[in-house]
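As a plain string of letters, each chain reads:
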2 protein chains.
Amino acid sequence: MNIILLSGGSGKRLWPLSNEIRSKQFIKLFKNENGTYESMIQRMYRSIKKVDENANIVIATSKSQLSSIFNQIGNDVSVSIEPCRRDTFPAIALSAAYLRDVCHVSEEEPIVVCPVDPYVDESYFTTLITLSEVAKNEKANIVLMGIKPSYPSEKYGYIIPKDESALSDVVAFKEKPSLCTARELIKQGALWNGGVFAFKLGYVIAKMQEITGYSDYASLYENYELQEKISFDYAVLEKEQSIKVQRYDGEWKDLGTWNTLTEAMDESIIGNAVLNETCNNVHVINEINIPVLVMGLNDVVVSASPDGILVSDKEQSSYIKPFVDGFEQKIMYAEKSWGSFRVIDAGDSSMTIKVTLNPGHSMNYHSHKKRDEVWVVISGSGRVVLDSVERPVNVGDVIEMKAGCKHTVIAETKLQIIEVQTGKEINADDKEICNR
Amino acid sequence: MNIILLSGGSGKRLWPLSNEIRSKQFIKLFKNENGTYESMIQRMYRSIKKVDENANIVIATSKSQLSSIFNQIGNDVSVSIEPCRRDTFPAIALSAAYLRDVCHVSEEEPIVVCPVDPYVDESYFTTLITLSEVAKNEKANIVLMGIKPSYPSEKYGYIIPKDESALSDVVAFKEKPSLCTARELIKQGALWNGGVFAFKLGYVIAKMQEITGYSDYASLYENYELQEKISFDYAVLEKEQSIKVQRYDGEWKDLGTWNTLTEAMDESIIGNAVLNETCNNVHVINEINIPVLVMGLNDVVVSASPDGILVSDKEQSSYIKPFVDGFEQKIMYAEKSWGSFRVIDAGDSSMTIKVTLNPGHSMNYHSHKKRDEVWVVISGSGRVVLDSVERPVNVGDVIEMKAGCKHTVIAETKLQIIEVQTGKEINADDKEICNR
C-alpha cells in the first residue's frame, strides 16, 4: 500500500501542549502496548505498518514540522516538504510526484491519502487497504472513505451513497449542513467525509499537469509558491463523475479540542498529578516537572507545559483560541531531529536551556554573532567541535564559546547539557550555519 | 511600644506557596500603597512602625525562618530564636528575657505580644498601643485584646467580659465551644481571644523564674530544650486573677486556608494569568514564569509555585494537608538572608539553580565534598573568592569549582548566577562552612 499522510496545521486549540511548531499530532497522549505514550502521528504510522509492514508511507508536511517528525518517527521516514502552505490539492500533487519521481512508484499503483490526526480503531487501517484495492481494480477514479456518523454534526462534509452496500456509488455531497439537514441526511444513510480517499497515481499526476502545468516533482517544488491555494475537493473531487464510497463503521473522532481529546484518553492523568476523591470527569496532562493537585472539580481539563498552564471547564475549552492569540508566545520547548531543548530560565540578557541529544546525533555546526554561550555537560558523553578542533566531553565538563566561535556537539551516549546564553540581543535568528 | 511578634508555624495548608521553610506569613499576597506585594509579616511590621515609629519589635521565631525574616524585614531586625519548638510560654519567656538582657528594656516597661499572621485593619494597631498603655498603668497584670466575633466559630477561644465597655474585667474564658454555645456566647457579648495581650516585662520575667527556674536570657536559651511544651494560656493566663480585656471591633481574619486567604486578596490575580469572562469567584496566584489561563470555572483557587500547582474548589481547599503530606517535597525555591535561589532543573546526578544575590550581600564561604559546581554570571557584577583568591566577576564569566574548593561570591550590584552542580550524591547537607 502507498499512503500519503497529510500532516498539517499548527494548533492553538490545544494550547499549551500545541504551539506554532508543535501541532496536535505530536502530543504524546496515547498509551501503547508497552506502556509508553505515543502521539497521533506515531500511533497512525505504527498502525499502518501493523496492517501492512511494507506500506510505502510519505508524510506531506511543512518545514516547521520536520524536526518533530524525525524525532518521533525516525530519520529515515519519507517526507514530502511543502515549501509553503498551498492547501490540499498542491500538497497532494507534490506528494504524488514525490512518490513517482523520488520513490519510483509506478503510475499504475493505487495511492491512499489520509490525514494524520483522526482517532480511529484498527478496522480503519484494514479499510485503507480496501480503498487501495478498489482504486487498483479501477472500479472508480476516486474511492472515498465514508465514515458512519456518530451524531448530526454541522462541522463535517456528508457523502450521500446510492445504497447501503459496503462499496457504493455516490449520489451527492453536502458540505457543513444545518443541524436539521444533518439529521435528515443521516436518516437517509449519508456518511461523513473524513478526507480519506484513494486513486491511481497516474490519475493525480494527470490532474497536476492539467492544473499546475508541471509534470514532475522538481518543477512543481521549484514553483510551488506560484500555485493557487486550492483544496483537493474543489479542484478534483467536485468535478469527477467516477467516484465510489467505501463504508467505515468503526470509531472516528476528530480530536481538535480539549473536550474531544480528553474523551479519547485511556487514563485521567498523564504526568505528575493527583486528583482528590471529589473530582469528577477531570483530566490532567502535565508535561512539567512540578506536581499538580486538583480538588473538588467537575468536567475540567488541566494541561501544563513549559508554554503555559490551562485550567478549563471542558465545554469552555473550545473557545481558547483568542486568549492564546493574546499570549506572547516564546517557544519554551521543542523536539528536534537530534533530540529536544527546553528553556529553563529567560532573563533580560540571558537564556538558560536544557539540551538533550540522542545517541549518535549532533546539532548543526553553527555560530552566533551577538551572544556568548557556555555548556556544562550534566549527563552522558560525546565530542565537541570548537572552531574545527574536536575533543571529547563528559559529565561536569565546561565549554565556553564566545560570539563568533563555530561549535557543535556530537552525542555518543544520550547527552544532556545546560547551555547558558548571555548577550544584549538574544534571539533565535542569530544563528549562522557553518561548513565543517 | 515594645512588641513580641510571634512568627511560628510551617504551613502545608497553603501549599504550594507555603512549605517546610516558607510559612504562610512570608507569602507576598497583599498590595501595598506603592503597588508592590508584601507578605503578612511585612504588612504587620510596617503597620506597627506606622502607628509607632519607635516601636521596639522583637520577632520570636525558629532558626528555619531566619533567612526569610532577614530577606523580607532586613538584616537589622531584632530576633529571638527558639533553639527548638516549645509552645508559646517558653517562646514568650525567652523573648521577654531577650528584651531585658539584650535590648536592655526595663522590667517596668509594658510588652505587647501578638501573632504575626492575622489579617487586620489599621485600628488593630492603635488598639495595640492602648493595650500597652493599660498594662503600663497597672490596671491589670494582663490585658487581653478581645476581638468582636464576625460569626459563631467553633475554632476559637472566647473571652466573656463583665460589661460592654472598651476596657472590662474578664468573667470567664471558653475554649472552642460547640456551634450552639458559640451562638449563645456571642449573644452574651463574648469576644474572640486572638492571642494578643500585654503585661509588664517584670511580670513575665517573674513567671519565667517561677516556671523554668532560670532568670536570664542566656541560661534559658542554653537550657531551652529541657523546657516543657506548655502554652502561655495554660501556664499563666488560666491561673491569673488580675486580667482585663480591651475590645477591638475592627476586621480580624485568620488566613489559614486558601478559602479565607483569597477573600482577603485585593485583586483576583497575582502574577501572570488570564481569566475568561465566564469565570466567577476565581483567584489565581502564580509565582512561576509560565502564563495561566482559566476558563469557565466558579469558586476556584489556582496557585502555582516551583513546588507545585494547586487547582481547587475553594471549600475543598481546606482538606489539602493529607495530599501534600504525600508529595515528596524537595525545596525548589527559598528566600535567603542574601537573596534567593530557585531550582530550575533537577537530574539524577545534576542540579541547576538560579541564584540571586542582593547588592552588598554574599553567601557563606563554603565547600562541598561530593559535587563540582560551575557558576555562570547572567546579570550584575561582584567578586568571587576561590580558595582564598579573590577576583571580580561580570556577566558571562564562568567560574569552575571542583569538589573541595572553598568558594563564595559577593554581590556589588544585584547579581544573578546560574549554578550547575554535578556529582553522584547531590544533597543540601553536603556543605562545609569555612573561615575566610
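(A) Summary view of the interface of chain B and chain A. At the junction of the two partners, chain B supplies 52 residues and chain A supplies 52 residues. Counting the surface lost from both chain B and chain A, the interface buries some 4100 Å², and carbon and sulfur atoms represent 71% of this. The largest share of the area that chain B buries against chain A comes from L293, M295 and I309 of chain B, three residues that together contribute 17% of it. Summed over the shared surface of chain B and chain A, the number is two salt bridges. Among the salt bridges present, the one from K354 of chain A reaches D345 of chain B, with a minimum N-O distance of 2.9 Å. Run the count over chain B and chain A and you get 16 residue pairs in polar contact (both at pLDDT 80 or more). With six residues, the single largest contributor to the side of chain B that touches chain A is strand β19 (residues 308–313) of chain B. Across the side of chain B that touches chain A, the residue classes tally to 32 nonpolar, 13 polar and seven charged. Relative to strand β17 (residues 292–295) of chain B, strand β19 (residues 308–313) of chain A runs parallel, the two being bridged by four bridges. Residue pairing across strands places L310 of chain A opposite L293 of chain B, the latter belonging to β17 of chain B.

(B) Spatial organisation of the packing of helix α1 (residues 40–51) of chain A against helix α2 (residues 66–73) of chain A. Residues and elements named next belong to chain A. With their axes 10 Å apart at the nearest point, α1 and α2 run at an angle of 50° to one another. Taken together, the axes of α1 and α2 are oblique relative to one another. Crossing hand, α1 versus α2: right-handed. The residues of α2 that touch α1, namely those facing I41, Q42 and Y45, are I69, Q72 and I73. Looking at the contact of α1 with α2, its residues break down into four nonpolar, two polar and no charged.

Cut-offs used in this document
- Residues numbered from 1 in each chain as written.
- Chains lettered and ligands numbered in written order.
- Predicted model: local features only at pLDDT ≥ 70, side-chain atom pairs only at ≥ 80, totals over all residues.
- Heavy atoms only, no water.
- Contact = heavy atoms within 4.5 Å.
- Buried area = accessible area lost by both parts, 1.4 Å probe.
- Salt bridge = Lys/Arg side-chain N within 4 Å of Asp/Glu carboxyl O.
- Polar contact = N/O pair within 3.5 Å; in protein donor to acceptor, adjacent residues only side chain to side chain.
- Helix = DSSP H or I, 4+ residues; strand = E, 2+ residues; numbered from the N terminus.
- Nonpolar A, V, L, I, M, F, W, Y, C, P; charged D, E, K, R; others polar.
- Pairing = 2+ DSSP bridges.
- Axes fitted to C-alpha atoms, helices over the stretch in contact; angles between N-to-C directions.
- Parallel < 35°, antiparallel > 145°, perpendicular 65-115°, else oblique.
- Left-handed = near helix turned anticlockwise from the far one by under 90°.

Read these as layout, nothing more, since geometry by itself doesn't imply function.
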